[in-house]
Amino acid sequence: MILLDPNNHDRQYPDDQSRQIMRKAIQFFEGKGKAALKRDDREQVWYADFLEFAREERLFATTLTPAGYGAAESRWDTWRNCEFAEILAFYGLAYWYTWQVSVLGLGPIWMSDNEEIKSRAARLLEEGGIFAFGLSEQAHGADVYSTDMELIPQEGGGFLARGEKYYIGNGNKAALVSTFGKIRGTDDYVFFVVDPQNEHYECKRKVVNSQSYVSNYALHDYPITEAEILSRGREAWNSALNTVNVGKFNLGWASIGISTHALYEAVHHAGNRQLYGQMVTDFPHVRQLFSDAYARLVAMKLVALRAADYMRSASSTDRRYLLYNPVVKMKVTTQGEDVIDHLWDVIAAKGFERDMYFEMAARDIRALPKLEGTVHVNIALIVKFMPNYFFNPEDCPEIGRRDDPADDTFLFQQGAARGLGEVRFHDYEVTYADFSQPNVSVFREQIAVFREMLEQAPPGQAQSNDVDFLLAVGELFTLVVYGQLLLENTQIYDIDDDLIDQIFDVFVRDFSSYAVQLHGKPSSTQVQMDHCLRMIAKPTENPDRYARVWEAHILPLRDAYAMNP
């Protein structure tokens, strides 16, 4: 089964250490039990028990230390980290969050040339340390152009750091905080590290109503020497954006973990409940909602896995991951919201109950598309790749499944964070042409009309500056890329034809919906509107296929998993 199943976690791993990390994490949470998990969430208890467990088992040290800086089994293995992120979020977003923020905090460190700080970070990880990423500010959000954090040069050398950061996870307990700012009197950006134990560091307050500690911290003339500086100038700028490439990819995996647990709970509830003399799962609308939720969730995981293959295989000459990465950040996370909405429409009031995991899931799933990069920010990034994707393909290396125990060194050597419009891709049509399922064929026809619209009536100058218009175009383009990544992985993971067709049944309806939205935009031209109407299509109906997917994939989840009480 493609979905995480804690009761039968028998996946193949290239090494025993990775297997043990996953199993021990599952055992910790199952041993804690759902009642304690929910209590800690309600009472916003700092997860010291989890962090102590992670220290004892060296979970963060093993997963977040690149090869050469820690123990022999330590490496930055994106495939392994994806699964670890999924497991943490499966049990609670707060547990994922403290690990995820450490990923971000470590990014500028591992990308720097400061070997002393790298060695220090590795040592702190071994001691159980967590890390923080001081980028966002209250006035500017994640607008790194407008940072007010300053390093003030001092006579005789060194600097004083002055300013505040906002929305900073782990800011209360981090071993080190990678902080972004500018050097006063220059246009130079800078990354440096600070120690929250220093008297010049003030953790001012917790800014969210959550178990996670998301802080506002201030530096009050904090002394900084060259030894604390990670990077400056263009390198600091690149580190900020490239860290986001590495870290924000994990948002999709959090959404997958949350949605999977919620699916188990919802199917278990509905599948063991009778209303009006029949099982809830016998109602046609309930089956449709569960079928759509399951199809979306399987697609989320296959797409995120495939995008990870491209991240692990990236190089200075193969930067396709720069498109696939924001697709995961934006599309997988918003699909998670759809999954929860479908499930909630089935279980209704049950989804509010305090003892249900679902109550946490319904709240937390909303955060993921909005964490340091809203949907419109990611779509604005995605559409930069659209011309080359559709009209300028090239022969590219074929990428297979990348679950090998490799250290992903390129992620910390990504280079300049520019030139997105120059990235080239393999021909998406070659991928789609390998599949003959009826709804894949319908989807290909929709894509052909969209591509034709881009040829005959591309966005004009005013439309290109209209974010609302570009969001609608971007949703259509993203779904094309999403479908391509999915299809590539259905072959790798041997997904059956019925399920592929069922997934594309959902995609055809989604594409039609986005076309209607584009048609209704104030700035849409008549030619564009005509194309939008041609993009609207009805999926190919196949009751037998629909029934087989229900019986083989969805109904067996009814009693597959329930968390220990």
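Keep in mind that this is a model prediction, so the values were computed, not measured.

Scanning the chain from terminus to terminus reveals 21 helices and 10 strands. Relative to the 2.2 N^0.38 estimate, which gives 24 Å for 565 residues, the radius of gyration of the chain is 24 Å and therefore close to what a compact globule would have. Its C-alpha atoms give the chain principal-axis dimensions of roughly 75 × 60 × 40 Å. The buried share among the 565 residues of the chain stands at 60%. Within the chain, residue pairs in contact and separated by at least 24 positions form 79% of the contacts whose partners lie at least 6 positions apart. Surface exposure of the chain reaches about 21400 Å², of which carbon and sulfur atoms provide 48%. The averaged location of the 80 negative side-chain charges in the chain is 3 Å from the averaged location of its 56 positive side-chain charges.

Within the largest apolar cluster, 199 residues are counted, with the highest numbers of intra-cluster contacts made by F60, F290 and F450. The residues contacting F290, other than those within four sequence positions of it, are L263, A266, V267, A270, T281, L343, V346, W550 and I554.

This structure, assessed with the given rule, holds 48 salt bridges. R232 serves as the salt-bridge partner of E226, at 2.8 Å between the closest nitrogen and oxygen. Salt-bridge contacts for R366 lead to D341; the nearest nitrogen and oxygen are separated by 2.6 Å. Note that R366 is positioned in the loop between α12 (357–364) and α13 (375–382) and D341 in helix α11 (residues 321–347), a separation of 25 residues in sequence. By relative accessible area, which is 24% here, R366 ends up partly exposed. Taken together, the salt bridges that share partners define one network made up of D15, R75, D77, R312, R402, D404 and D408.

Right, let's get into the packing of helix α10 (residues 284–312) against helix α21 (residues 543–554). Contact pair α10 / α21: the axes reach a minimum separation of 11 Å and the direction vectors enclose 70 degrees. Here α10 lies roughly perpendicular to α21, going by the angle between them. Handedness of the crossing formed by α10 with α21: left-handed. On α21, the residues that touch P284, R287, Q288, F290, S291 and Y294 of α10 are Y546, W550, H553 and I554. Counted by class, the contact of α10 with α21 contains 6 nonpolar, 3 polar and 1 charged residues.

Another point: helix α16 (residues 438–456). Relative to the 27 Å expected for 19 residues at 1.5 Å per residue, α16 spans 27 Å between its end C-alpha atoms, a close match to the ideal helical length. N439, V440, V442, F443, Q446, I447, V449, F450, M453 and L454 are the residues of α16 that are buried. Summarising the contacts, the buried residues of α16 are in contact with α14 (386–391), α15 (428–433), α18 (467–492), α19 (497–519), α20 (526–535) and α21.

Structurally, H9 can be placed in the segment before α1 (16–32). Only 2.7 Å separates the side chain of H9 from the side chain of Y13, close enough to count as a polar contact. Setting aside residues no more than four positions away along its own chain, H9 makes contact with L4, M22, R23, I26, E83 and I87.

Criteria and thresholds
Residues numbered from 1 in each chain as written. Predicted model: local features only at pLDDT ≥ 70, side-chain atom pairs only at ≥ 80, totals over all residues. Heavy atoms only, no water. Helix = DSSP H or I, 4+ residues; strand = E, 2+ residues; numbered from the N terminus. Rg over C-alpha atoms; globule rule 2.2 N^0.38 Å. Buried < 20%, exposed > 50% of the residue type's maximum accessible area, 1.4 Å probe, protein only. Contact = heavy atoms within 4.5 Å. Areas by Shrake-Rupley, 256 points an atom, 1.4 Å probe, with all protein chains shown as cover. Lys, Arg positive; Asp, Glu negative; His and termini not counted. Charge placed at Lys NZ, Arg CZ, Asp CG, Glu CD. Core = buried A, V, L, I, M, F, W, Y, C linked by side-chain atoms within 4.5 Å. Salt bridge = Lys/Arg side-chain N within 4 Å of Asp/Glu carboxyl O. Axes fitted to C-alpha atoms, helices over the stretch in contact; angles between N-to-C directions. Parallel < 35°, antiparallel > 145°, perpendicular 65-115°, else oblique. Left-handed = near helix turned anticlockwise from the far one by under 90°. Nonpolar A, V, L, I, M, F, W, Y, C, P; charged D, E, K, R; others polar. Expected span 1.5 Å × (residues − 1). Polar contact = N/O pair within 3.5 Å; in protein donor to acceptor, adjacent residues only side chain to side chain.

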